[in-house]
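Spelled out from the first residue to the last, the chains are:
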Amino acid sequence: MAKVKKIFACSNCGATSPKWIGKCPHCGEWNTYIEEVISRDTVTESKDKSWRTQEKASKSKPVPLPEIEAGETTRLTTPDAELNRVLGGGIVPGSLVLIGGQPGIGKSTLLLQLAMHVPFTILYISGEESDEQIKMRADRIGGEAKNCYILSETNTSKILKHAQNLRPSLVIIDSIQTLSSPHIDSMPGSVSQVRECAGELQRFAKEEHIPVFIIGHITKEGSIAGPKLLEHIVDAVLQFEGDRNYTYRILRTIKNRFGSTDELGIYEMQASGLREVSNPSELLLSQKDEDLSGSAVAATIEGLRPMLIETQALVSTSVYSAPQRSATGFDLRRLGMLLAVLEKRAGLFFAQNDVFLNIAGGIRVDDPAIDLSIVAALISSLEDVAIPTDVCFAGEVGLSGEIRTVNRVEQRIQEANRLGFKEIYISKYNTKGLDTGRYDIEVKAVSKVQELYYALFK
Ligand code: TYD
Ligand code: MG
């Protein structure tokens, strides 16, 4: 007889409790506990002669650290330069990588495209689409795809058996929420099922030295369903994001045991799949001939890559007593702070105005150096005076209106120079040791927002 066990599990972080709780003590979310029935079939477990059993464990023995060979040289490099960059230089054998993103953003397209274009064998397992549907998608992407094997299956035991027989260089699972393990009775996509399946995949990856990519859907709240528990099981978490109204997609590293988390991959969704964008600046600057007020260009750095991005502000007279504040691609609270700084330190009043802010391409920028460009765009729109299109900005704005230093300022200047900008505004404190004579671009140093105001508009 199977032992039946019931628990309550948090659908956000995976914490469990023997009884229902309103607020999860681990992640602080409300109403996330759901009842799950777990029954462990002891008979199937003892029959199991696969890699799950104890025998394998007895093979492991302690090894002195200097005797362990580092696997760095054996990374698998893919033809997708953006993906290699985000993973820190290629796929590490035996690693488990989670790729999260909202439905319809392009996760399946990204990985099917990878599977079709790599020179090594890949097993692509889909629990969401049938073979024919995948074939239709593959036809849109195009390519030979000699090494790509497709399997429509959701049972983890069968999947791992096939993977063991085929011995591909990479296994792709689309998606973790559709898998079910025969060792557990709960529904596919439930917390315990997701945890068990991810655990099995992890053991498979580590023992067979075959890397596994897992696709995971993100719920509305922005966390991958059953997610925090996945985040610490896997070696790397990549997030595929973007505004569905735009064609740009960004692959961001959230966690990486084998590389930096600053890196960023940029793609463009086209009719025939995703195209790598190796020179993002040219896409993120809007093409226009005339100078319009409210627009300024920021020299930002994402990861190790400099990008020039247009920021746009619209400041208009408000018809409501409470003026509107809206921001796309930028933190609304930070916009509020910048407005407060302009009011207090530069005497520019926005209290009677609606303020709208937009970052080109629907891209979310984390780099604080974008502040100076946003401030310039806000002032430009308020005063209705245009900033010339060949001027750009890189600086963080502090609470007392000071322009603070940013990292890698030379790289930003170089990129702006390369793209033909004539002037770049940076913090005065960033100019120390800077050889401005090397560039054609004129470097202008400012120390306070008031100074920027006078430099630009007076
Ligand atoms: P998909 O990879 O199915 O998203 P996910 O797996 O993250 O749910 O991508 C879905 C979107 O991508 C869909 O709206 C159509 C679009 N798309 C293209 O624009 N071009 C293409 O070549 C393909 C395959 C999809
Ligand atoms: Mg999909």
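Quick note: structure is the one above.
Residues numbered from 1 in each chain as written. Chains lettered and ligands numbered in written order. Predicted model: local features only at pLDDT ≥ 70, side-chain atom pairs only at ≥ 80, totals over all residues. Heavy atoms only, no water.

Caption draft 1: Structural view of the sheet that holds strand β12 (residues 273-276). Taken in spatial order, the nine strands make up an open sheet running β6-β5-β7-β8-β4-β9-β10-β11-β12, and their pairing is mixed. Of all strands in the sheet, those bounded by a partner on one side alone are β6 (148-152) and β12. Neighbour-to-neighbour, the strand axes of this sheet turn through a mean angle of 25°, independent of strand direction. In this structure, strand β4 (residues 96-101) lies alongside strand β9 (residues 236-241), joined through five bridges in parallel fashion. Its bridge partner lying in β9, Ile99 is registered against Leu238. Packed on one face of the sheet, helix α5 (residues 131-141) meets β5 (122-126), β6 and β12 and runs near 145° to β6. (Pairing = 2+ DSSP bridges. Helix = DSSP H or I, 4+ residues; strand = E, 2+ residues; numbered from the N terminus. Axes fitted to C-alpha atoms, helices over the stretch in contact; angles between N-to-C directions. Contact = heavy atoms within 4.5 Å.)

Caption draft 2: Broad picture of the site of ligand 1. The full set close to ligand 1 counts 15 residues, and Gly104, Ser108, Thr109, Gln270 and Gly273 are the nearest of them. Between a nitrogen atom of ligand 1 and a main-chain N or O atom of Gln270, the distance comes to 2.7 Å. The backbone of Ala271 places a nitrogen or oxygen atom 2.8 Å from an oxygen atom of ligand 1. Bound to the protein, ligand 1 loses 75% of the 550 Å² it would expose on its own. Elements supplying a minimum of two residues to the shell around ligand 1: α4 (107-117), α5 and β11 (264-270). If one sorts the elements of the shell around ligand 1 by residue count, α4 sits on top with three residues. Looking at the shell around ligand 1 residue by residue, the class counts come to four nonpolar, eight polar and three charged. (Near = heavy atom within 4 Å. Polar contact = N/O pair within 3.5 Å; in protein donor to acceptor, adjacent residues only side chain to side chain. Areas by Shrake-Rupley, 256 points an atom, 1.4 Å probe, with all protein chains shown as cover. Nonpolar A, V, L, I, M, F, W, Y, C, P; charged D, E, K, R; others polar.)

Caption draft 3: Spatial organisation of the packing of helix α6 (residues 156-166) against helix α7 (residues 191-208). Here α6 crosses α7 at 15°, and the two axes come no closer than 11 Å. When the interaxial angle is binned, α6 and α7 end up roughly parallel. In terms of crossing hand, the pair formed by α6 and α7 is right-handed. Side by side, α6 and α7 meet where Thr156, Leu160, Ala163 and Gln164 of the first sit next to Cys197, Glu200, Leu201, Phe204 and Glu208 of the second. Taken together, the residues of the contact of α6 with α7 break down into five nonpolar, two polar and two charged. (Parallel < 35°, antiparallel > 145°, perpendicular 65-115°, else oblique. Left-handed = near helix turned anticlockwise from the far one by under 90°.)

Caption draft 4: Highlighting the environment of Phe457. Within the secondary structure layout, Phe457 lies in helix α13 (residues 449-457). Apart from the residues lying within four places of it in its own chain, the contact partners of Phe457 are Ala376, Ile379, Ser380, Val385 and Ile387.

Caption draft 5: Highlighting unusual backbone geometry. For the bond from Asp174 to Ser175, the omega torsion is -5°, close enough to zero to count as cis. When you line up the elements, Ser175 lands in the loop between β7 (170-174) and α7. Positive phi is not limited to glycine here, since Asp384 has a value of about 55°. As for its position among the elements, Asp384 is in the loop between α11 (371-383) and β17 (391-394).

Caption draft 6: Quick look at the sheet that holds strand β14 (residues 305-317). Spatially, seven strands are ordered β15-β16-β14-β13-β17-β20-β21 in an open sheet, and the strand pairing comes out mixed. Looking at the sheet topology across the chains shown, the edges are occupied by β15 (325-328) and β21 (442-446). Between one strand and the next, the sheet's axes are offset by a mean angle of 25°, whatever the strand orientation. With eight bridges connecting them, strand β13 (residues 295-302) and β14 associate as antiparallel partners. Within β14, the residue paired with Ala299 across the bridge is Leu308. Set on the sheet, helix α10 (residues 332-346) makes contact with β15 and β16 (353-359); between it and β15 the angle comes to about 125°.

Caption draft 7: Molecular detail of the packing of aromatic side chains. Counting across every chain of the model gives four aromatic pairs. Measuring from centroid to centroid gives 5.3 Å for Phe393 and Tyr425, while their planes differ by 15°, and the two rings are stacked. Highlighted residues: Phe393 in strand β17 and Tyr425 in strand β20 (residues 423-427), separated in sequence by 32 residues. Each member of the pair, Phe393 as well as Tyr425, is classed as buried. Seen from their ring centres, Tyr453 and Phe457 are 6.0 Å apart, and the 55° between their planes marks the pair as tilted. One end of the pair is Tyr453 and the other is Phe457, both in helix α13 and four residues apart, which spans about a single turn. Accessibility expressed as a relative area gives 10% for Tyr453, which makes it buried. With relative accessibility at 16%, the residue Phe457 sits in the buried group. Through pairs of rings, three or more aromatic residues link up here, namely Tyr453, Tyr454 and Phe457. (Phe/Tyr/Trp six-rings, centres within 6.5 Å; stacked < 30°, edge-to-face > 60°. Buried < 20%, exposed > 50% of the residue type's maximum accessible area, 1.4 Å probe, protein only.)

Caption draft 8: The pairing of strand β10 (residues 248-256), seen in detail. Within β10, eight of the nine residues are buried, leaving the element largely enclosed by the surrounding structure. When β9 meets β10, the two strands line up antiparallel, connected through six bridges. Within the sheet, the bridge partner assigned to Val237 lies in β10 and is Lys255. Between β9 and β10, which follow one another and run antiparallel, lie six residues, and Gly242 among them has a positive phi close to 155°. Note that β10 and β11 share five bridges and pair antiparallel. Within β11, the residue paired with Arg249 across the bridge is Tyr267.

Caption draft 9: Spotlight on the nonpolar core. Leu378 and Phe393 are the most contacted members of the largest nonpolar core, which has 47 residues in total. Each of domain 2 (76-278) and domain 3 (282-457) accounts for three or more of the residues forming this core. Here Phe393 is in contact with Ala296, Val297, Ala298, Ala299, Ala369, Leu372, Ser373, Ala376, Ile387, Tyr425, Leu452 and Leu456, once residues within four sequence places are set aside. Counting 32 residues, the second-largest nonpolar core is a separate cluster that includes Val97, Leu110, Ala138 and Ile215. (Core = buried A, V, L, I, M, F, W, Y, C linked by side-chain atoms within 4.5 Å. Domains from an automatic or database assignment.)

Caption draft 10: Main features of the pairing of β7. With five of five residues buried, β7 is to be regarded as a mostly interior element. Examined bridge by bridge, β5 and β7 share five bridges and lie parallel to one another. Its bridge partner being in β7, Leu123 is matched across the sheet by Val171. Bridge count between β7 and strand β8 (residues 212-217): four bridges; the pairing is parallel. Counterpart to Val171 in the pairing with β8 is Val212. A crossover connection joins β7 to the parallel β8 through α7; in handedness this β-α-β unit is right-handed. (Right-handed = clockwise from strand over helix to strand, strands pointing away.)

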